[in-house]
Amino acid sequence: IDAVVLKELPAKEIVEKNKKLDIVKDKFAKEEYAIAVKKGNSELVAAINSTIEKMKSNGEYEALVAAFMPADGAIVIPADLELTGDKTLKLGTNAAFPPFEYVDGAKIVGFDITMGQKIASDAGANLEVVDMAFDSLIPALASGAIDFIAAGMSVTEERQKNVDFSLPYFESEQVIIIRK
């Protein structure tokens, strides 16, 4: 192949690990990432939106960005939250897109995973992270196998036919990876 079109932050991770590649920015439209929930689950959307708004107002959001997207490139994975609750929320993701979700050792970590922990904490629940192929996420949500999707998912008209979305929590753009 001659080029790959990919979201900006995962592309930076790839190029950082392979010095023979370079990033070209084009005039792609910006995308907003949001958390997807099963169509009609307004209670969970409201709870997620409340957590996003709280994190943005109290500084936790900026701290999360600084941890996973630091200017110097040195990611500092926050400690897991101590979650206790009588219920468990299942977060569906595809752990292949650092810094949003990826495998570190034997553990799935990332911006979206930490945000999922905050959502579960605010809901008084435990969190189970379910890693699967990206194309399987929406069917898993529709079937009830997972409760929400946090996977750097862009809000599109097509997806909005099948899921409800939270408030946007991140804005990104597509870039092109080429050989130097």
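Located above this text is the structure these notes cover.
Residues numbered from 1 in each chain as written. Predicted model: local features only at pLDDT ≥ 70, side-chain atom pairs only at ≥ 80, totals over all residues. Heavy atoms only, no water.

Quick word on the overall build of the protein chain
To be explicit about the condition: Think of it this way: any DSSP run of H or I at least four residues long counts as a helix, any run of E at least two long counts as a strand, and we number them from the N terminus. The reference for a compact globule is 2.2 Å times residues^0.38; the radius of gyration itself is calculated from the C-alpha atoms. In this scheme, a residue with accessible area under 20% of its type's maximum is buried, one over 50% is exposed, and one in between is partly exposed, where area comes from a 1.4 Å probe on protein chains only. In this analysis, two residues are considered to be in contact whenever any of their non-hydrogen atoms come within 4.5 Å of each other. In short, Shrake-Rupley with a 1.4 Å probe defines the accessible areas, and a residue's cover is counted only from the protein chains shown. Within this scheme the basic residues Lys and Arg register as positive and the acidic residues Asp and Glu register as negative, but His and the chain ends are omitted. Note that the charge is assigned to NZ on lysines, CZ on arginines, CG on aspartates and CD on glutamates.
The number of helices and strands found in the protein chain is 6 helices and 12 strands. For 180 residues, the compact-globule estimate of 2.2 N^0.38 gives 16 Å, and the protein chain sits close to it at 16 Å. Here the protein chain, with 180 residues, has 42% of them falling under the buried criterion. The contacts of the protein chain with a sequence gap of at least 6 include a subset with a gap of at least 24, amounting to 76%. A total accessible area of about 9,500 Å² is found for the protein chain, and carbon and sulfur atoms account for 52% of it. Here the protein chain contributes 20 positively and 29 negatively charged side chains, and the mean placements of these two sets differ by 4 Å.

Digging into empty space enclosed by the protein
Test applied: Cavities and pockets were defined on a 1 Å grid built from protein atoms only: a cavity is a group of points that admits a 1.4 Å probe but offers it no way out, a pocket is an open group of points flanked by protein on both sides within 12 Å along at least five of seven lines, and a lining residue is one with an atom within 4 Å of any such point. Grid points are joined across faces, edges and corners, and a volume is the space filled by probe spheres set on the points. All amino acids are sorted into three groups, where Ala, Val, Leu, Ile, Met, Phe, Trp, Tyr, Cys and Pro are nonpolar, Asp, Glu, Lys and Arg are charged, and the leftover types, Gly among them, are polar.
One pass over the full model with this rule turns up 1 cavity of 30 Å³ or more. One number sums up the size of the largest cavity: a volume of about 50 Å³. Lining the largest cavity are F68, I77, P78, A79, D80, K107, I108, V109, G110, I113, T114 and Q117. Counting residues per element, the ones that place at least two in the lining of the largest cavity are strand 8 (107-109) and helix 4 (111-122). In the lining of the largest cavity, the residues fall into 7 nonpolar, 3 polar and 2 charged.

Thoughts on the layout of surface pockets
What the largest pocket holds in volume is close to 350 Å³. What lines the largest pocket is simply L9, K12, E13, E16, K17, F68, M69, P70, A71, G73, I75 and P99. The element contributing the most residues to the lining of the largest pocket is helix 1 (residues 8-17), with 5 residues. Computed from the structure, the second largest pocket encloses a volume of approximately 200 Å³. Around the second largest pocket, the lining residues are K38, N41, E43, L44, A47, K87, L89, A123, L141, G144, I146 and D147. For the lining of the second largest pocket, the element with the most residues is helix 2 (residues 42-58), which contributes 3 residues. Class assignment of the residues belonging to the lining of the second largest pocket gives a composition of 6 nonpolar, 2 polar and 4 charged.

A look at the pairing of strand 5 (residues 88-93)
We count it as follows: Only strands that DSSP links by at least two bridges are regarded as paired with each other.
The pairing of strand 5 with strand 9 (residues 126-131) spans 6 bridges and is parallel. Residue pairing in the sheet places T88 in a bridge with N126 of strand 9. As judged from the 2 bridges shared by strand 5 and strand 10 (residues 148-149), these two strands associate in the parallel manner. By the bridge assignment for strand 10, G92 is matched with I149.

Concerning the packing of helix 2 against helix 3 (residues 60-68)
Cut-off, in case you're wondering: Axis definition: a line fit to C-alpha positions, over the contact stretch in the case of helices; interaxial angles, taken between N-to-C directions, run 0 to 180 degrees. In what follows, roughly perpendicular refers to angles from 65 to 115 degrees, roughly parallel to angles under 35, roughly antiparallel to angles over 145, and oblique to any angle outside these ranges.
With their axes 4 Å apart at the nearest point, helix 2 and helix 3 run at an angle of 85° to one another. The orientation of helix 2 with respect to helix 3, classified from their angle, is roughly perpendicular. Each of K54, M55, K56 and N58 in helix 2 lies in contact with helix 3, whose residues at this interface are E60, Y61, E62 and L64. When its residues are assigned to classes, the contact of helix 2 with helix 3 shows 3 nonpolar, 1 polar and 4 charged.

Quick word on the pairing of strand 7 (residues 101-104)
With 2 bridges joining them, strand 6 (residues 96-97) and strand 7 adopt antiparallel strand pairing. Note that in strand 7 the partner of F97 across the bridge is E101. Linking strand 6 to strand 7, which pair antiparallel, is a turn of 3 residues. In the sheet, strand 7 pairs with strand 8 via 3 bridges, with the strands oriented antiparallel. Among the inter-strand pairings, V103 is bridged to a residue of strand 8, identified as I108. In this antiparallel pair of consecutive strands, strand 7 and strand 8, the connection spans 2 residues, and G105 shows a positive phi of 70°.

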